[in-house]
Amino acid sequence: MKERVASTLVLGAGVVGLSTALYLQRAGRPVTVIDPLPPGGGASFGNAGLISADTSIPIALPGMLRKVPGWLTDRLGPLSVDPLYFPKALPWLLRWIEASRMPRVLKISDAMRALHRTTFDCWKELLGQARFYDLIRPNGQVHVWESEAETPGAALERSLRERQGIRAEPLTADDLRQMFPGISRRIGRGMLIPGNGFTVNPHRLVGALGELLVNAGGEIVAERAMKIIRTEGGGYTVMTNIGWRSASEVVVSTGAWSRQLLDPLGVRLPLETERGYHATLPAPGIELKLPISNKTRSFGVTPMEHGLRIAGTVEIAGLHAPPDERRAKVLLEHVRGMFPDVDVRDHRFWMGFRPSTPDSLPILGQAPGWPGLYLVFGHGHFGMTGGPPSARAVARLITGDTPGLDLAPYAPTRFARAPKGRAVDATRDLARAAR
Ligand SMILES: Cc1cc2nc3c(=O)[nH]c(=O)nc-3n(C[C@H](O)[C@H](O)[C@H](O)COP(=O)(O)OP(=O)(O)OC[C@H]3O[C@@H](n4cnc5c(N)ncnc54)[C@H](O)[C@@H]3O)c2cc1C
């Protein structure tokens with residue numbers, strides 16, 4: 001009997017959806033990707049482009065609870081929560097604070113390590129050698145601090161790196177001045193992480209995934225998925241804004257918008273958007289060979305083929321509030337503080353929606369109770385890094401192959417238990433105060 005080849009619908013044409021579609025296609029599945037935007041039109045468009053194989057530091061770290069009042073009052077700080085949106089974000093924030101406790105931090109760091117360490121291999125598999133070296137520079141990243149003394153946060157990060165066996169080379173202020181002529185005397189010390197890297201153009205990188213998919217016979221259709229409907233007898237139908245499409249499996253990789261499709265099915269998962277901003281300088285007048293993350297002020301500077309990109313900041317304000325361009329302007333002040341001679345003329349601002357879970361780990365696997373409905377989203381700050389390895393593991397799961405990664409830490413079921421304890425009480429009090 002001839003085997004019926006299953007077809008798969010992938011919702012979302014960001015780095016995650018397109019990587020998953022490409023892996024599925026290469027495993028012999030006919031794939032259709034649905035997205036109203038062209039490839040890489042979401043968060044994947046304007047990120048900082050860091051590909052961080054050797055990064056395993058969760059976003060939530062001990063000491064977060066103390067910072068909550070500052071999040072609500074300093075609208076231009078590195079992390080801000082819109083007071084009007086705070087009650088809505090509260091359940092997610094509670095889980096975030098819970099994930100910042102030490103035993104959890106270690107487990108999360110282990111899972112980040114397991115996912116991120118294969119990123120360059122996956123990118124090479126997806127792109128091939130020539131495109132990989134055209135778009136990606138696996139040459140390292142530099143972190144800098146404005147103080148010479150080690151901060152408590154930096155000490156914890158160092159111990160997590162040591163636990164994971166990640167190489168990091170300390171840099172003095174003089175080393176930094178040699179590596180980055182023109183860097184301010186304000187910068188006291190730094191560190192090179194040689195196992196990390198970056199892309200010179202995230203948009204072109206994600207576009208390349210789309211091109212490879214289409215050239216090999218895949219389809220990308222400009223439609224918006226409105227509802228996922230279980231088909232009698234197996235499989236799914238996706239109702240789009242202009243059509244009706246059926247498939248044996250559906251992959252939800254719609255980034256920060258994934259809850260809009262899953263909530264109506266009763267698949268409740270804690271996904272929030274951490275909105276982030278960038279300013280791109282087309283003619284900065286300075287040349288960097290490597291990206292720099294300023295850990296004191298929480299922003300990054302990446303040399304890209306179309307200019308210098310300054311990116312960062314976290315704003316919890318949901319999917320609908322308009323961008324607050326003052327947050328992007330702060331990035332310009334920051335880069336001037338680090339490189340006093342930088343030319344910021346003709347800068348372009350952008351805001352994007354990081355799809356974030358409270359524990360910095362993506363959600364990977366089958367939706368509980370929905371056979372054939374797969375979830376691959378929630379990569380938060382690390383989608384350019386964790387996207388391709390997640391895609392490879394889930395594509396293998398779908399095609400009945402061994403994922404090559406223990407998927408338990410990323411299981412959608414890990415959020416079944418509600419958070420409890422001191423963080424809950426303290427944050428509820430703050431919620432009342434914010435109303
Ligand atoms: C300022 C900033 C800096 C960042 N820096 C880095 C970095 O240096 N390194 C790193 O690894 N990560 C970084 N990130 C995070 C990274 O950009 C994201 O994790 C990643 O792009 C998420 O990819 P995605 O495919 O899940 O989502 P997206 O790229 O957002 O793609 C989701 C797609 O789904 C589509 N969609 C939504 N709803 C529907 C629907 N109903 N039907 C069909 N399609 C739909 C959207 O149109 C979109 O194209 C940064 C993010 C920001 C905002």
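Residues numbered from 1 in each chain as written. Predicted model: local features only at pLDDT ≥ 70, side-chain atom pairs only at ≥ 80, totals over all residues. Heavy atoms only, no water.

Colleague: How should I be thinking about the packing of aromatic side chains in this particular structure?
Modeller: Given two aromatic rings, one states the distance between the centres and the angle between the planes to describe the pair. Using the criterion set out here, one finds 7 aromatic pairs in the structure. Members of the aromatic cluster, connected to one another through ring pairs, are Trp71, Trp92 and Trp96. The ring of Phe132 has Lys124 lying over it, and the distance from NZ or CZ to the ring centre is 5.1 Å. Just above the ring of Trp370 sits the side chain of Arg230; from NZ or CZ to the centre is 4.0 Å. (Phe/Tyr/Trp six-rings, centres within 6.5 Å; stacked < 30°, edge-to-face > 60°. Lys NZ or Arg CZ within 6 Å of the ring centre and 35° of its normal.)

Colleague: How should I be thinking about the pairing of strand β8 (residues 189–193) in this particular structure?
Modeller: Consecutive side chains of a regular strand alternate in pointing toward one face of the sheet and then the other. With respect to burial, β8 is a largely interior element, 5 of its 5 residues being buried. A two-sided burial pattern is seen for β8, the buried positions comprising Arg189, Met191 and Ile193 on one face and Gly190 and Leu192 on the other. Pairing of strand β6 (residues 141–145) with β8 involves 5 bridges; the strand directions are antiparallel. Bridge pairing in β8 places Val144 opposite Gly190. Where strand β7 (residues 169–172) and β8 come together, 4 bridges link them in antiparallel fashion. In the sheet register, Leu171 faces β8, and the bridge partner there is Gly190. (Buried < 20%, exposed > 50% of the residue type's maximum accessible area, 1.4 Å probe, protein only. Helix = DSSP H or I, 4+ residues; strand = E, 2+ residues; numbered from the N terminus. Pairing = 2+ DSSP bridges.)

Colleague: Explain the sheet that holds strand β5 (residues 136–137) here, please?
Modeller: Strand pairing within a sheet occurs via backbone hydrogen bonds; the two strands may be parallel or antiparallel. On the basis of which strands lie adjacent, the open sheet formed by 3 strands has the order β3-β9-β5 and antiparallel pairing. One side of each edge strand has no neighbouring strand; the edge strands of this open sheet are β3 (50–51) and β5. Looking at chain direction, β3 and strand β9 (residues 197–199) are connected through 2 bridges and run antiparallel. From the neighbouring strand, Leu50 faces β9, where its bridge partner is Phe198.

Colleague: Can you walk me through the nonpolar core in this structure?
Modeller: Soluble globular proteins tend to pack their nonpolar side chains together in the buried interior. Counting 65 residues, the largest nonpolar core has Trp123, Leu127 and Ile136 as its most contacted members. In terms of residue count, the dominant contributor to this core is helix α4 (residues 86–99) (9 residues). Dropping the residues within four chain positions of it, Leu127 is found in contact with Phe132, Ile136, Leu205, Ala208, Leu209 and Leu212. Counting 32 residues, the second-largest nonpolar core is a separate cluster that includes Leu176, Ile286, Phe299 and Leu308. (Core = buried A, V, L, I, M, F, W, Y, C linked by side-chain atoms within 4.5 Å. Contact = heavy atoms within 4.5 Å.)

Colleague: Would you mind showing me how to read the pattern of salt bridges here?
Modeller: When charged atoms on two side chains of opposite charge get close, those side chains can pair. For the structure on display, the rule yields 23 salt bridges. For Glu146, the salt bridge is made with Arg297, and the minimal N-O distance between the two is 2.8 Å. Placement of Glu146 in the loop between β6 and α8 (152–164) and of Arg297 in the loop between β16 (292–294) and β17 (299–304) is noted, with a sequence separation of 151 residues between them. Relative accessible area serves as the criterion here: at 17%, Glu146 is assigned to the buried category. For Glu162, the salt bridge is made with Arg158, and the minimal N-O distance between the two is 3.7 Å. (Salt bridge = Lys/Arg side-chain N within 4 Å of Asp/Glu carboxyl O.)

Colleague: Looking at this structure, I do not really get the side chain of Asn294. What am I missing?
Modeller: Residue position: Asn294 is located in strand β16. If we ignore the near neighbours within four places in the chain, the residues touching Asn294 are Val144, Glu146, Ile187, Phe299 and Met338.

Colleague: In this structure, what is going on with the site of the ligand? I would like to understand it.
Modeller: Close to the ligand lie 33 residues, the nearest being Asp35, Ser44, Leu50, Gly380 and Met384. Between the ligand and Leu50, the relevant distance is 2.8 Å, taken from a nitrogen atom to a main-chain nitrogen or oxygen of the residue. Backbone polar atom of Gly380 to an oxygen atom of the ligand: 2.8 Å apart, as the coordinates give it. Contact with the protein chains covers 97% of the free accessible surface of the ligand, which is 1000 Å². The set of elements that each furnish at least two residues to the shell around the ligand consists of α1 (15–26), α2 (43–46), β15 (272–281), β19 (348–356) and α13 (383–398). With 4 residues, β19 is the single largest residue contributor to the shell around the ligand. Here the shell around the ligand is composed, by residue class, of 15 nonpolar, 15 polar and 3 charged. (Near = heavy atom within 4 Å. Polar contact = N/O pair within 3.5 Å; in protein donor to acceptor, adjacent residues only side chain to side chain. Areas by Shrake-Rupley, 256 points an atom, 1.4 Å probe, with all protein chains shown as cover. Nonpolar A, V, L, I, M, F, W, Y, C, P; charged D, E, K, R; others polar.)

Colleague: How should a nonpolar patch on the surface be read in this particular structure?
Modeller: Where nonpolar side chains cluster on the molecular surface, the patch consists of Met226, Met239 and Trp244 and spans about 330 Å² of accessible area. Assignment of secondary structure puts Trp244 in strand β13 (residues 244–247). (Patch = residues over 30% accessible without salt bridge, like charges linked within 9 Å, V, L, I, M, F, W, Y side chains within 5 Å.)

Colleague: Would you mind showing me how to read the packing of helix α5 (residues 102–116) against α8 here?
Modeller: Relative to each other, α5 and α8 sit at 50 degrees, their axes nearing to 11 Å. With respect to each other, α5 and α8 are oriented oblique. Crossing geometry of α5 relative to α8 is assigned as right-handed. Along the contact surface, α5 presents Met102, Val105, Leu106, Ser109, Asp110 and Arg113, while α8 presents Leu156, Leu160, Arg163 and Gln164. Classifying every residue of the contact of α5 with α8 gives 5 nonpolar, 2 polar and 3 charged. (Axes fitted to C-alpha atoms, helices over the stretch in contact; angles between N-to-C directions. Parallel < 35°, antiparallel > 145°, perpendicular 65-115°, else oblique. Left-handed = near helix turned anticlockwise from the far one by under 90°.)

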